[in-house]
Amino acid sequence: MGEHPLHLESYREALVFLATAGVVVPLFHRLRVSPVLGFLVAGAALGPHGLGRFATPDNWASFFTITDVQGVSQLAEFGLVFLLFMIGLELSWERLVRLRELVFGLGLSQLSVCAAVLAAVGHFWFGVAPALAILMGVALAMSSTAVVMPVLAEGKRLNKMPGRVAFSVLLLQDLMVAPALFFVSVLANAKKGFSVGDALWTFLPAVIALAALIIFGRLLLRPLFRLVASVQLTELFMAACLLVVIGEALVTAAAGLSMGLGAFIAGLLLAETEFRREIEVTIEPFKGLLLGLFFVSVGAGLDIGAVAADPIPIVRNAIGLIAVKTAIVFALSLLFRLDWRVGLESALLLAPGGEFAFALLTSAMAAGVLPSHFGADAMIVVTLSIFFIPLLGRIGAGFSRPTSVAEDEAQFAHLAPESAIAEDRVVIVGFGRVGSLVGDMLARHNVPYVAIENVVSLVTDGRERGVEIYWGNAARREFLLRCGLEQARALVVTIENAPAVEEIVRIAHEIRSDLIIVARARDARHATELYRLGASDAIPETIEASLQLAETVLVDVGVPMGYVIASIHEKRDEFRKILRPTGEEARARQTERRSRIKREQARRRISGRSTQEAEEEI
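What you see is a predicted model; the values in this text were computed from it and never measured.

Turning our eyes to something else, we now look at the overall build of the chain. On a plain count of helices and strands, the chain comes out with 30 helices and 6 strands. Expressed as a percentage of its 618 residues, the buried residues of the chain come to 47%. Across the chain, every contact between residues at least 6 apart in sequence was considered, and the portion connecting residues at least 24 apart equals 71%.

Now the structure itself:
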């Protein structure tokens, strides 16, 4: 039996990318810069116009360069497919309705006006054909979700008014990517000799296929994931997620539409299901790697040497793009009666180009509708403008008010990202008999909650009762974060699996040390371990059952109810002191004191007291 020779050349570019990802992401995270910029820079440095200039089959440079940009780009296209799927998964039809004000008002106005102005500049100033000028105008009107959102989050401005306005506009832009890709397909057919009407008529079967895909998706996707989830195999669930994303993308591509459109629709259909959070956690690593590969391929296609040879036009065009979009977005924000400081900060953040410009321009060049020199120049301008986003964000934040306007915050609270909307809820892990009873009591006292369960039948029953419940593994940090644990009011763990309870409590305490964590314990020893891991309260089943039995007996033999309840509470406190590890009681009091101070600080804008006064009073 002969051995197949190992061709290292076949794996070289994959290894180069993985090595780049392993270096770029930690390095730029440490520098507090978006990894998107790092991937673009790495692609330009390692591409045929960078280090590839010096690479020959015999020298060392050939081992560190990306030469087959076209081959890498074909795989990298799936990065945008997965990104659009995740955007659809984040939206849902209900969320689109809730975000209709600034999204479809300011957002649509921004995209339309910016695209029209930039298209006019492209046609009259640079001599681009009208249809291509419109396409380039739409591409350049896009902003960078991948860079703006981390910049806002880092500056703790995501839940401020500028962050909410920027988020709303970016949401509309994300929605418009699929129609823009459809427009590229129409132009491609028109170039082949079809009129626009003929091209639209040609796409009629594709639209019918798309409608069928939506109908069958609504009917089949939820039963498919229920069947897969009932098996309780992570690998099988991952395979089902990849099948849906790639399958729907390829179906729409075969129907004559873009792969991204199919993936986006698949995300929208799954956004309303109980499997949404687990799907997000499962797909995120694939999206991150493939999107990084996409940016590397874009960077590899940039001719940095041409920019260095004549940088003035490129820099001038990048600054011009930022200036034009800043002026337009600022004027529109004033038209929508936003505070000028909010409008200016939002405009500065949204002014640079975005990653979807790369998708549109790359698709247009691949389809042959956009001359390569126009597309390459535009992508260089977009790339250069993205580098300005962190600086522009800091400049914009400098114009903000010292304190936010409470009326504006309340008026546009529903425009915050979903993680912020999930604020102040109780998270219940396990929704069997114990968890559902806890949920009923919370609902009786009007305390909102979200439930997590890994038994499909219990999740289905909860959904039918109108409970917001998700299927998934709560012993994973990413899953708990997706369910809004960072903004939660409290966490209740009701499952019986002792190791899983310990892991969930440990992760939750690491995420938020001040979070109220109430956990179900198997016995006294287990309760002590949960207290050590960070639980605020651990309820041992054996002790609690004994206390309830004692309460019932005492009442039945004639002891007054008030005395019984008081004595039961005293006994429960005694057990709590015994079960807590040494020093835990003091730490618990300190945690409670910090929480009370934070609550007082949140109210001091109304009362006018200082932080020090609040601490002294407490």
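With respect to the helices and strands, the residue serine 346 is situated in helix 16 (residues 340–350). Exposure remark for serine 346: the relative accessible area of 1% places this residue in the buried category.

Right, let's get into the sheet that holds strand 2 (residues 449–453). Across the sheet, 6 strands lie side by side as 3-2-1-4-5-6; this open sheet has parallel pairing. Each edge of the sheet is formed by a strand with only one pairing partner; in this case those strands are strand 3 (469–471) and strand 6 (537–540). Neighbour-to-neighbour, the strand axes of this sheet turn through a mean angle of 15 degrees, independent of strand direction. As paired elements, strand 2 and strand 3 share 3 bridges and run parallel to each other. Paired with isoleucine 452 across the strands is tyrosine 470, a residue of strand 3.

Moving on to helix 28 (residues 561–579). Under the 1.5 Å per step criterion, the end-to-end length of helix 28 is 27 Å for 19 residues, consistent within 8% with the ideal 27 Å. For helix 28, the elements touching its buried residues are helix 26 (524–533), strand 6 and helix 27 (541–556).

Counting residues in hydrophobic clusters, the biggest one holds 92 residues, and the most contacted among them are Phe294, Phe295, Phe356 and Phe358. Tallying contributions element by element places helix 8 (residues 161–191) first for this core, with 15 residues. Setting aside residues no more than four positions away along its own chain, phenylalanine 294 makes contact with Ala76, Leu80, Glu355, Phe358 and Ala359. Residues Phe82, Ala229, Ile283 and Val447 belong to the second largest nonpolar core, which totals 44 residues.

With that out of the way, let us pick up the pattern of salt bridges. Here the structure, examined in full by the defined rule, presents 19 salt bridges. Measuring nitrogen to oxygen at the nearest pair gives 2.5 Å for the salt bridge that ties arginine 425 to glutamate 468. You can see arginine 425 sitting in the loop between helix 21 (418–421) and strand 1 (426–429) and its partner glutamate 468 sitting in the loop between helix 23 (456–464) and strand 3, a full 43 residues away along the chain. Residue classification places glutamate 468 among the partly exposed positions, given a relative accessible area of 28%. Salt bridges here are not isolated pairs; linked through shared partners, they connect Arg276, Arg277, Glu280, Glu284, Lys287 and Arg482.

Scanning the entire structure with this criterion turns up 6 aromatic pairs. Between phenylalanine 82 and phenylalanine 286, the ring centres sit 6.4 Å apart and the planes meet at 25 degrees, which makes this aromatic pair stacked. Of the two residues, phenylalanine 82 sits in helix 3 (residues 69–91) while phenylalanine 286 sits in helix 13 (residues 276–300), which places them 204 residues apart along the sequence. Of the residues examined, phenylalanine 82 reaches a relative accessible area of 3% and is grouped as buried. What links up through ring pairs into an aromatic cluster is the set Phe225, Phe237, Phe275 and Trp471. A cation over a ring is seen here: arginine 277 above tyrosine 470, with NZ or CZ 5.1 Å from the ring centre. When the ring centre of tyrosine 470 is taken as reference, the NZ or CZ atom of arginine 463 above it lies at 5.3 Å.

This paragraph deals with the packing of helix 27 against helix 28. For the pair helix 27 and helix 28, the least separation of the axes is 10 Å and the interaxial angle reads 160 degrees. What the angle tells us is that helix 27 and helix 28 run roughly antiparallel. When you trace helix 27 past helix 28, the crossing you get is right-handed. Contact residues: Ile543, Glu544, Leu547, Ala550, Glu551, Leu554 and Val555 in helix 27; Met561, Val564, Ile565, Ile568, Lys571, Arg572, Phe575 and Leu579 in helix 28.

Relative to the helices and strands, serine 436 is located in helix 22 (residues 433–444). With relative accessibility at 14%, the residue serine 436 sits in the buried group. Polar side-chain contacts of serine 436 include one of 2.7 Å to the backbone oxygen of glycine 432. If sequence neighbours within four positions are ignored, serine 436 has contacts with Phe431 and Arg465.

Moving on, we come to a nonpolar patch on the surface. A contiguous nonpolar patch, built from Val113, Val117, Val121, Trp125 and Phe126 and spanning about 470 Å² of accessible area, is present on the exposed surface. Relative to the helices and strands, valine 113 resides in helix 5 (residues 100–124). Given a relative accessible area of 32%, valine 113 falls into the partly exposed group.

Attention now moves to the packing of helix 17 (residues 355–366) against helix 18 (residues 372–386). Each pair of packed helices gets described by two things: the angle between the helix axes and the distance between those axes. Helix 18 packs onto helix 17 with a crossing angle of 170 degrees between their chain directions and a minimal axis gap of 10 Å. One finds that helix 17 runs roughly antiparallel with respect to helix 18. On helix 18, the residues that touch Ala357, Phe358, Leu361, Thr362 and Met365 of helix 17 are Ser372, Gly375, Ala376, Ala378, Met379, Val382, Thr383 and Ile386. Classifying every residue of the contact of helix 17 with helix 18 gives 9 nonpolar, 4 polar and no charged.

Attention now moves to the pairing of strand 5 (residues 516–521). Here strand 4 (residues 490–493) runs beside strand 5; their pairing, made up of 4 bridges, is parallel. Looking across to strand 5, one finds that alanine 490 is bridged to isoleucine 516. Of the crossover connections in this fold, the one passing from strand 4 over helix 25 (residues 498–511) to the parallel strand 5 is right-handed. Across 4 bridges, strand 5 lies against strand 6 in parallel orientation.

In low-pLDDT regions, the fine details of the predicted coordinates are not to be read closely. Here the chain averages 79 in pLDDT, and 79% of its residues register 70 or above. In this model residues 403–409 is a low-confidence stretch, pLDDT under 50, and it forms 8 contacts with partners more than four residues away in sequence or in other chains. In this model, residues 601–618 is a region of pLDDT below 50 whose contacts with residues beyond four sequence positions or in other chains number 14 contacts.

When the terminal C-alpha atoms of helix 13 are compared, their 35 Å separation across 25 residues agrees well with the 36 Å that a helix rising 1.5 Å per residue should span. In terms of burial, helix 13 is largely enclosed, as 20 of its 25 residues are buried.

Tracing the sequence through the fold places serine 457 in helix 23. Under the relative-accessibility criterion, serine 457 is labelled partly exposed at 44%. Spatially, the C-alpha atom of serine 457 lies 8.7 Å from that of arginine 226, the residues being 231 residues apart in sequence.

The residue alanine 331 is located in helix 15 (residues 311–335) in this model. Between the C-alpha atom of alanine 331 and that of alanine 347, which follows or precedes it by 16 residues, the distance is 9.1 Å.

At glutamine 232, a position not held by glycine, the phi torsion is positive, near 60 degrees. Tracing the sequence through the fold places glutamine 232 in the loop between helix 10 (204–231) and helix 11 (234–254). Its relative accessible area of 45% is what places glutamine 232 among the partly exposed residues.

Each value, and the rule that gives it
- Residues numbered from 1 in each chain as written.
- Predicted model: local features only at pLDDT ≥ 70, side-chain atom pairs only at ≥ 80, totals over all residues.
- Heavy atoms only, no water.
- Helix = DSSP H or I, 4+ residues; strand = E, 2+ residues; numbered from the N terminus.
- Buried < 20%, exposed > 50% of the residue type's maximum accessible area, 1.4 Å probe, protein only.
- Contact = heavy atoms within 4.5 Å.
- Pairing = 2+ DSSP bridges.
- Axes fitted to C-alpha atoms, helices over the stretch in contact; angles between N-to-C directions.
- Expected span 1.5 Å × (residues − 1).
- Core = buried A, V, L, I, M, F, W, Y, C linked by side-chain atoms within 4.5 Å.
- Salt bridge = Lys/Arg side-chain N within 4 Å of Asp/Glu carboxyl O.
- Phe/Tyr/Trp six-rings, centres within 6.5 Å; stacked < 30°, edge-to-face > 60°.
- Lys NZ or Arg CZ within 6 Å of the ring centre and 35° of its normal.
- Parallel < 35°, antiparallel > 145°, perpendicular 65-115°, else oblique.
- Left-handed = near helix turned anticlockwise from the far one by under 90°.
- Polar contact = N/O pair within 3.5 Å; in protein donor to acceptor, adjacent residues only side chain to side chain.
- Patch = residues over 30% accessible without salt bridge, like charges linked within 9 Å, V, L, I, M, F, W, Y side chains within 5 Å.
- Areas by Shrake-Rupley, 256 points an atom, 1.4 Å probe, with all protein chains shown as cover.
- Nonpolar A, V, L, I, M, F, W, Y, C, P; charged D, E, K, R; others polar.
- Right-handed = clockwise from strand over helix to strand, strands pointing away.
- pLDDT = per-residue confidence, 0-100.

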